[in-house]
Amino acid sequence: MEQGLEGRKSFIGQRSLENKTSGALKKSSRYRSRSLSASSTDSYSSNSCTGSSSEDDDISPREKIQKNSGGSNDFCVRNINQHAFGRREIEIAEQEMPGIMALRKRAGDDKPLKNAKVIGCTHINAQTAVLIETLSALGASVRWAACNIYSTQNEVAAALAEAGFSVFAWRAETEEDFWWCIDKCINAENWQPNIILDDGGDATHLMLKKYPAMFKLIKGIVEESVTGVHRLYQLSKSGKLTVPAMNVNDSVTKTKFDNLYSCRESIIDSLKRSTDVMFGGKQVIVCGYGEVGKGCAQGLRGVGCIVYVTEIDPICALQASMDGYRVVRLNEVIRNVDIVITATGNKNVVTREHMDKMKSGCIVCNMGHSNTEIDVNSLRTTDLTWEKIRSQVDHVIWPDGKRIILLAEGRLVNLSCSSLSSFVVSITSATQALALIELFNAPPNRYKSDVYLLPKKMDEYVATLHLPTFDAHLTELTDDQAKYMGLNKAGPFKPNYYRY
């Protein structure tokens, strides 16, 4: 286990080292790229509807001189001229995001985030753009970078830059680009950030490490990933967390909808788009049976897969068993499975030893936030050949001709190879926005330098914002019923310890 900030430094160093090693080995080892026919290119759709999120442009955006129509150059995107396509995607997303749009309408006049200066480090796609523009409508000034080098929709980043937002992100960044973009968001002239919205803890880590004085002036952190929350608790335990933080990952609305219901659909979409695989009868192993693992297992079984589960936690293992899945160790089935999916948040869950035993054609991918679950670096050796099939899809070929299909180089597959449901992201975005409002407007001493869960009342409010979409009508308690149950008629309706 990583220990506090020191563990995080080690992790960053390891990522940087792996990136350099990877580049060197690519030059020295055999790496060939298969050219695609027009038909195979047409059959593949990335998470960019326009197809403009391409890595074909070899010129680094950092070397380009770009300005938006207002004359501003305080951004760095792949191609500002793609903004019209991105705007259309944002408009489509708005139609499927009723909760965050309702929040924008209800709170727009009050400007609850007036004078808030938000550093954002999340995936940058059409849905995130709706959140960014909502925060701006609520009074915030924002600067944004991507938390994943492959998940950015270039045309959406261009649309945000055209609209005047300081966005620093493009698809297929290098490791150096990744940290440069976050640094550009934090260290801006005449701009002092006072709150962070993070996904994975990278913006928090960089500010704490490189700008400690600036870090002490922020009002709080909102974190939405398992990985980032884990690191916040480590910082808190070691006494290095000097500001309050809101853990929205473990809010009910985020956990159930983003992790469970969204992954149930996006894992199917990712695999189908990237490999055209037929699911019926395939043997699949899902490593980890948390909310993400549960969603993946449900979705795959629903399309006819035979699903196995690995777990370290006896409670989760018992849940998987009661849900009808066989709980095994990875080594017991690795020679026979057709698809391997990691969803643990841990490191080296699938090792070179495992991959050596896989059968030819086995698909390997990751659904956890961290890119450390699959030991991809162990595959960058001179005895193996990498063959690029299409964007985010590589064949790794052994000397005997065996090949495995690796998706997104072990990074988050659903955001690298497909897209997320806008409706689900609306739930998560509304949760994040409310957490920012709460931390920014909280009176002094309400929150100490610790990690907090989103108040239950806010969770219920997020759910309420989305019910009209389904024409759902809540039953109201009578005064007598409310008194009998010891509840307020307006909620919250469950205690904090209740498990949904």
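Along each chain, the written sequence defines residue order, and numbers are assigned to residues from 1. Confidence filtering applies because this is a predicted model: local features only for residues at pLDDT of at least 70, side-chain atom pairs given and counted only at 80 or more, and all residues used for totals across whole chains, interfaces and linings. Here the side-chain values reflect all heavy atoms present in the structure, with hydrogen atoms and water set aside.

**Description of the pairing of strand β9 (residues 306-310)**
Alright, step 1. Here the term buried applies to any residue with accessible area under 20% of the maximum for its type, exposed to any over 50%, and partly exposed to those in between, with areas from a 1.4 Å probe on protein chains only. Runs of H or I in DSSP of at least four residues are treated as helices and runs of E of at least two as strands, each being numbered from the N terminus. With four of five residues buried, β9 lies mostly within the body of the structure.
Alright, step 2. The pairing criterion is simple: DSSP has to find at least two bridges between the two strands. Summarising the sheet, strand β8 (residues 283-287) and β9 pair through five bridges and their orientation is parallel. Bridging across to β9, I285 finds its partner in Y308.
Alright, step 3. When the strands point away from the viewer and the path from the first strand over the helix to the second turns clockwise, the crossover is right-handed. Handedness of the crossover joining β8 and β9 through helix α12 (residues 291-302): right-handed.

**A closer look at the environment of G491**
Alright, step 1. Within the secondary structure, G491 sits in the segment after α19 (479-485).
Alright, step 2. Exposure remark for G491: the relative accessible area of 8% places this residue in the buried category.
Alright, step 3. Every residue pair with non-hydrogen atoms within 4.5 Å of one another is taken to be in contact. Excluding anything up to four places from it in sequence, G491 contacts K457 and E460.

**Re the packing of aromatic side chains**
Alright, step 1. Stacked, edge-to-face and tilted are the three classes for Phe, Tyr and Trp ring pairs, Trp counted by its six-membered ring, which pair at centre distances within 6.5 Å; planes under 30 degrees apart are stacked, over 60 edge-to-face, the rest tilted. Enumeration over the complete set of coordinates arrives at eight aromatic pairs.
Alright, step 2. Ring centres of Y447 and Y452 lie 4.9 Å apart, and the angle between their planes is 70 degrees; this geometry places the pair in the edge-to-face category.
Alright, step 3. You can call Y447 buried: its relative accessible area is 16%.
Alright, step 4. By relative accessible area, which is 24% here, Y452 ends up partly exposed.

**Structural notes on the nonpolar core**
Alright, step 1. The criterion is simple. A nonpolar core is a set of buried Ala, Val, Leu, Ile, Met, Phe, Trp, Tyr and Cys residues joined through side-chain atoms within 4.5 Å. Core analysis: the largest hydrophobic core is formed by 58 residues, its most contacted members being L113, L135, W144 and V167.
Alright, step 2. Within the residue set of this core, elements represented by two or more residues are α3 (83-95), α4 (98-107), α5 (126-137), β3 (141-146), α6 (154-162), β5 (195-198), α17 (422-441) and α18 (456-466).
Alright, step 3. In terms of residues, this core owes the most to one element, α17, which gives 11 residues.
Alright, step 4. Aside from chain neighbours lying at most four places away, what touches L113 is L135, L138, G139, A140, L436, I437 and F440.

**What about the sheet that holds strand β4 (residues 166-168)?**
Alright, step 1. Spatial strand order, β4-β3-β2-β5-β6-β7-β16: seven strands in an open sheet with parallel pairing. For this open sheet the edge positions go to β4 and β16 (451-453), each flanked by a neighbour on one side alone. Taking the axes of each pair of neighbouring strands and ignoring which way they run, one obtains an average angle of 20 degrees across the sheet.
Alright, step 2. Pairing analysis gives six bridges linking strand β2 (residues 117-122) to β3, with the strands arranged parallel. Within β3, the residue paired with V118 across the bridge is V142.
Alright, step 3. To obtain an axis, a line is fitted to C-alpha atoms, over the contacting stretch when the element is a helix, and the angle between two such axes runs from 0 to 180 degrees between their N-to-C directions. In this fold α5 packs onto β2, β3 and β5, with an angle of close to 160 degrees to the strand it touches most, β3.
Alright, step 4. Taken strand by strand, helix α8 (residues 202-210) contacts β2, β5 and β6 (221-223), and its axis lies near 140 degrees from that of β5.

**Quick look at the pairing of strand β11 (residues 339-342)**
The side chains of a regular strand alternate, first on one face of the sheet and then on the other.
Alright, step 1. Judged by which residues are buried, β11 turns out to be covered on both faces: I339 and I341 on one side and V340 and T342 on the other are all buried.
Alright, step 2. Sheet topology places β8 next to β11; four bridges connect them, and they run parallel. Looking across to β11, one finds that I285 is bridged to V340.
Alright, step 3. Two elements, β11 and strand β12 (residues 363-366), share four bridges in a ladder whose sense is parallel. Opposite V340, over in β12, you have V364 as the bridge partner.

**Let's talk about the confidence of the model for the chain**
The predicted coordinates ought not to be read in detail in places where the model reports low pLDDT.
Alright, step 1. Averaged over every residue, the pLDDT of the chain is 88; the share at 70 or more is 89%.
Alright, step 2. The predictor attaches a confidence to each residue, and that confidence, scored 0 to 100, is pLDDT. This model gives residues 1-30 a pLDDT under 50, and the stretch forms 53 contacts once residues within four places in sequence are excluded.
Alright, step 3. Scored below 50 in pLDDT, residues 33-56 makes 49 contacts in the model with residues more than four places away or belonging to other chains.

**A look at the pattern of salt bridges**
Alright, step 1. Every case where a carboxyl oxygen of Asp or Glu lies within 4 Å of a side-chain nitrogen of Lys or Arg is listed as a salt bridge. Using the criterion set out here, one finds 19 salt bridges in the structure.
Alright, step 2. Residue R62 pairs with D177 through a salt bridge whose shortest N-O separation is 2.9 Å. Pair noted here: R62 is in the loop between α2 (38-43) and α3 and D177 is in helix α7 (residues 175-186), with a separation of 115 residues, a long-range link.
Alright, step 3. Here D177 falls in the buried class, since its relative accessible area comes to 8%.
Alright, step 4. Of the charged contacts, one joins K357 and E353 as a salt bridge, the two residues approaching to 3.5 Å between their closest N and O atoms. Of the two residues, K357 and E353 both sit in helix α15 (residues 352-357), four residues apart, roughly one turn of that helix.

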